[in-house]
Amino acid sequence: MEITVLVQTTDRAFEILEKARDEARELLYSSAKLTSETKSLVEKREARAIFSDARQKRLAIRNFIITTFVLFAFWILLSGRFDAFHLILGIICTLLVSYLSHDLLFANIRVGDIRIRARRFFAAGPWFLGQIFSANLHVAYLALSPKMPIDPQIIRFKTKLESDISWVALANSITLTPGTITIDIREGEFFVHALDRKVAYDLSTGEMEDKIAHVFMEADHIYIQDVLDVSRIFGALK
Amino acid sequence: MNIFLLFGMGLFSLVFLCLYRAVFGPGVLNRIAAISAIGTKALVILLLMGFIYNRVEMFVDISMVYALLNFIGTITAAKYLEMKGEL
Amino acid sequence: MISITDDIIIRAVARILIPFIQVYALYVIMHGHHSPGGGFQGGVILGASFILYLITHGLEEAKEKMSELKAGLLSTFGILLYSGIGLLCLIMGRNYLDYGGLSTILKVVPAQARSLGILGIEIGVGITVMAIMFSVFFDISTGGILPEDEEDLGVNR
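Peer 1: If you had to explain the overall build of chain C to someone new, which residues and values would you point to?
Peer 2: What chain C contains, in helices and strands, is six helices and zero strands. Going from N to C terminus, chain C has its helices and strands arranged as α-α-α-α-α-α. Against the compact-globule benchmark of 15 Å for 157 residues, chain C has a radius of gyration of 19 Å, which places it well outside the compact range. Reported as C-alpha extents along the three principal axes, the dimensions of chain C are approximately 60 × 35 × 20 Å. The buried share among the 157 residues of chain C stands at 50%.

Peer 1: Could you give an account of the pattern of salt bridges, with specific residues and numbers?
Peer 2: Residues and elements named next belong to chain A. Considering all chains together, one arrives at seven salt bridges over all chains under this definition. Between Arg197 and Asp151 there is a salt bridge, with its nearest N and O atoms 3.1 Å apart. A residue pair is termed long-range when its members are at least 10 positions apart, and Arg197 in helix α5 (residues 197-204) and Asp151 in the loop between α3 (114-144) and β1 (153-158) qualify at 46 residues. Overall, Arg197 belongs to the exposed group, its relative accessible area being 59%. The partner of Lys198 in a salt bridge is Asp202, and the shortest N-O contact between them spans 3.3 Å. One end of the pair, Lys198, and the other, Asp202, are both in helix α5, four residues apart, so they sit about a helical turn from each other.

Peer 1: Can you break down the interface of chain C and chain A residue by residue, with the values?
Peer 2: Across the contact, 22 residues belong to chain C and 27 residues belong to chain A. At the boundary of chain C with chain A, total buried surface from both sides reaches about 2,500 Å², with 76% on carbon and sulfur atoms. Inspection of the region where chain C meets chain A yields one salt bridge. Among the salt bridges present, the one from Asp103 of chain A reaches Lys65 of chain C, with a minimum N-O distance of 3.2 Å.

Peer 1: Describe in detail the interface of chain B and chain C, supporting the description with residues and values.
Peer 2: Interfaces are often sized by the accessible area lost when the parts come together. Each side of the interface is counted separately: chain B has 13 residues, and chain C has 17 residues. On the chain B side of the contact with chain C, Asp61, Ile72 and Lys79 of chain B bury the most area, a combined 33% of that side's loss. Where chain B meets chain C, there are zero salt bridges. At the junction of chain B with chain C, the criterion picks out two residue pairs in polar contact (both at pLDDT 80 or more). Class assignment of the residues belonging to the side of chain B that touches chain C gives a composition of ten nonpolar, one polar and two charged.

Peer 1: Lay out the domain arrangement of chain A with the relevant residues and their values.
Peer 2: Per the domain assignment, the segments of chain A are domain 1 (1-101) and domain 2 (112-237). Computed over C-alpha atoms only, the centres of domain 1 of chain A and domain 2 of chain A are separated by 43 Å.

Peer 1: Could you give me a rundown of helix α2 (residues 84-100) of chain A, with the residues and numbers involved?
Peer 2: All names here are of chain A. Compared with the 24 Å implied by 1.5 Å per residue over 17 residues, the 24 Å span of α2 between its first and last C-alpha is a close match. Within α2, the full set of buried residues consists of His86, Leu89, Gly90, Cys93, Thr94, Val97 and Ser98. Across the axial projection of α2, the buried residues extend over an arc of 160°, all falling on one side. Turned more than 90 degrees from where α2 packs its buried face, Ala84, Ile88, Ile92 and Tyr99 sit exposed.

Peer 1: Can you lay out the packing of aromatic side chains for me, pointing to particular residues and giving the numbers?
Peer 2: Enumeration over the complete set of coordinates arrives at twelve aromatic pairs over all chains. For the pair Tyr53 of chain B and Phe59 of chain B, a centre-to-centre distance of 6.5 Å together with 20° between the ring planes defines the contact as stacked. Aromatic side chains Phe50 of chain C and Phe134 of chain C sit 6.2 Å apart centroid to centroid with 75° between the ring planes, which places their arrangement in the edge-to-face category. With Phe50 of chain C in helix α2 (residues 39-65) and Phe134 of chain C in helix α5 (residues 110-142), this residue pair connects regions lying 84 residues apart in the sequence. In this pair, the class of Phe50 of chain C matches that of Phe134 of chain C, namely buried. Through successive ring pairs, a cluster of aromatic residues spans Trp75 of chain A together with Tyr24 and Tyr27 of chain C. Lying across the ring of Phe191 of chain A, Arg186 of chain A places its NZ or CZ 5.9 Å from the centre.

Peer 1: Please give an account of unusual backbone geometry that cites residues and values.
Peer 2: In the Ramachandran plot, Asn54 of chain B falls in the positive-phi region, its phi being about 60° despite a non-glycine side chain. Structurally, Asn54 of chain B is set in the loop between α2 (28-53) and α3 (56-84). The exposure class of Asn54 of chain B is exposed, given its relative accessible area of 65%. You will see that Lys107 of chain C, though not glycine, has its phi angle at about 60°, which is positive.

Peer 1: Go over the nonpolar core with me, naming the residues and quoting the values.
Peer 2: If you look at the biggest cluster of nonpolar residues, it comprises 42 residues, and the most contacted ones within it are Trp75 of chain A together with Tyr24, Leu26, Ile45, Leu52, Leu54 and Phe134 of chain C. Elements that contribute at least two residues to this core include exactly α1 (2-79) and α2 of chain A, α3 of chain B together with α1 (8-30), α2 and α5 of chain C. In this view, Phe134 of chain C contacts Phe50, Ile51, Leu54, Met66, Ser67 and Ala71 of chain C; residues no more than four positions away in its chain are not counted. Val168, Ala171, Val192 and Leu203 of chain A belong to the second largest nonpolar core, which has 25 residues in total.

Peer 1: Tell me about the environment of Ile116 of chain A, and please be specific about residues and values.
Peer 2: Here Ile116 of chain A lies in helix α3. In this structure, the C-alpha to C-alpha distance between Ile116 of chain A and Ala140 of chain A, residues 24 residues apart in sequence, is 36 Å.

Peer 1: Give a description of the packing of α3 of chain A against helix α6 (residues 207-215) of chain A that names residues and reports values.
Peer 2: All names here are of chain A. The geometry of α3 relative to α6 is characterised by a closest axis approach of 9 Å and an angle of 160° between their N-to-C directions. Judged by the angle between their axes, α3 and α6 are roughly antiparallel. Here the hand of the crossing between α3 and α6 comes out left-handed. On α6, the residues that touch Arg117, Arg120, Phe121, Ala124, Trp127, Phe128 and Gln131 of α3 are Glu207, Met208, Lys211, Ile212, His214 and Val215. Of the residues in the contact of α3 with α6, the class split is seven nonpolar, two polar and four charged.

Calculation rules
- Residues numbered from 1 in each chain as written.
- Chains lettered and ligands numbered in written order.
- Predicted model: local features only at pLDDT ≥ 70, side-chain atom pairs only at ≥ 80, totals over all residues.
- Heavy atoms only, no water.
- Helix = DSSP H or I, 4+ residues; strand = E, 2+ residues; numbered from the N terminus.
- Rg over C-alpha atoms; globule rule 2.2 N^0.38 Å.
- Buried < 20%, exposed > 50% of the residue type's maximum accessible area, 1.4 Å probe, protein only.
- Salt bridge = Lys/Arg side-chain N within 4 Å of Asp/Glu carboxyl O.
- Contact = heavy atoms within 4.5 Å.
- Buried area = accessible area lost by both parts, 1.4 Å probe.
- Polar contact = N/O pair within 3.5 Å; in protein donor to acceptor, adjacent residues only side chain to side chain.
- Nonpolar A, V, L, I, M, F, W, Y, C, P; charged D, E, K, R; others polar.
- Domains from an automatic or database assignment.
- Expected span 1.5 Å × (residues − 1).
- Arc of directions from axis to C-beta.
- Phe/Tyr/Trp six-rings, centres within 6.5 Å; stacked < 30°, edge-to-face > 60°.
- Lys NZ or Arg CZ within 6 Å of the ring centre and 35° of its normal.
- Core = buried A, V, L, I, M, F, W, Y, C linked by side-chain atoms within 4.5 Å.
- Axes fitted to C-alpha atoms, helices over the stretch in contact; angles between N-to-C directions.
- Parallel < 35°, antiparallel > 145°, perpendicular 65-115°, else oblique.
- Left-handed = near helix turned anticlockwise from the far one by under 90°.

Here's what the structure looks like:
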């Protein structure tokens, strides 16, 4: 009787021990797996960090060089003296300023686009001048007519532009056009004060926004213009 | 009579209209806008003075400093009012 | 404490304008003997560019470019440059700030030595004026209490 009880208890004890051993083994396995996984993850993240670090450093160096060239051109424009002493002074000064503020001038501009942008900017210039001229005439008519048929209103619209520099360009060209003033930009939403209904209507057609988007290579216009360029090159090749 | 002198005197008389707004104008914002407009007019008058004295390259430098400090001064005043909470 | 402005127009315009203002300020300092300007005027413009950065980008970012410690060191360095050149003239046997005495060190004729000497003086004056301008604005805008001091003093603002 006692012997059978003893055997049963020892059996159960062995069972419990085996189960515990299995669980411990599973735990060990899973922990080993976890550590290997985390190890690979950490390695991957480190590699990515090194990669992005190098890319950022390259970007900073490129910004530094381009800022130096732009500022040196500005220095030449200001100075107008071409003897060695003043040119060396200019190089030293532009290097100093580029070191101080190389992250400011070209903060989020892809450098390769600058030439295309400059060409499109000068191509769009006459259109803006014509727009300003016609708006000037309209505002002069409003101010000089004795009844003064103004209808001031604040209009708000959501823009399709994305970068801050194109927002600023759009806001400044709206302000430069007589009769409209940009009050605020809040997360891509423009608040514009317009002098009368016609000016507000001209603004809401979005022609100016399209021009800006074309100059800064944004939104849908990239694709249309790119397709046109490519088709021209393709035709020339044929 | 020099045409630059004539235009300069016209602008100088316009400065007084802005000065009226700067002294008696109701509220701070009117005053800031008036001071900014006076700065812009002073810049143009300086350039015209350069033409009168035949030293344009010298007066361009001065007017540029005037434009920069005018811009920074306006922004500083606006920032001060914003921080003080008077708007 | 001045925080970063939420107006995107002012931030972007200031970002683009600041390097040009700094180059212009250095041009005014360096060409003081050919055109109007000089050390003091250029220093004021250079200080104004840093003040513009402080206003538009906030105290936290501005401290990376120009801190109070840097401003203090730069102001004393400018005065050191000024008085150093003056004393050098004194050592060479001339009067204080008589740049003609520098011609034997620089190995140029006295007239050119005068030109170079006054350039050094103006650089010193410009650095000092820039640092002091920034330091005065920094002190006034923070009320003399830096953000890291506020926790120690228990000031709520």
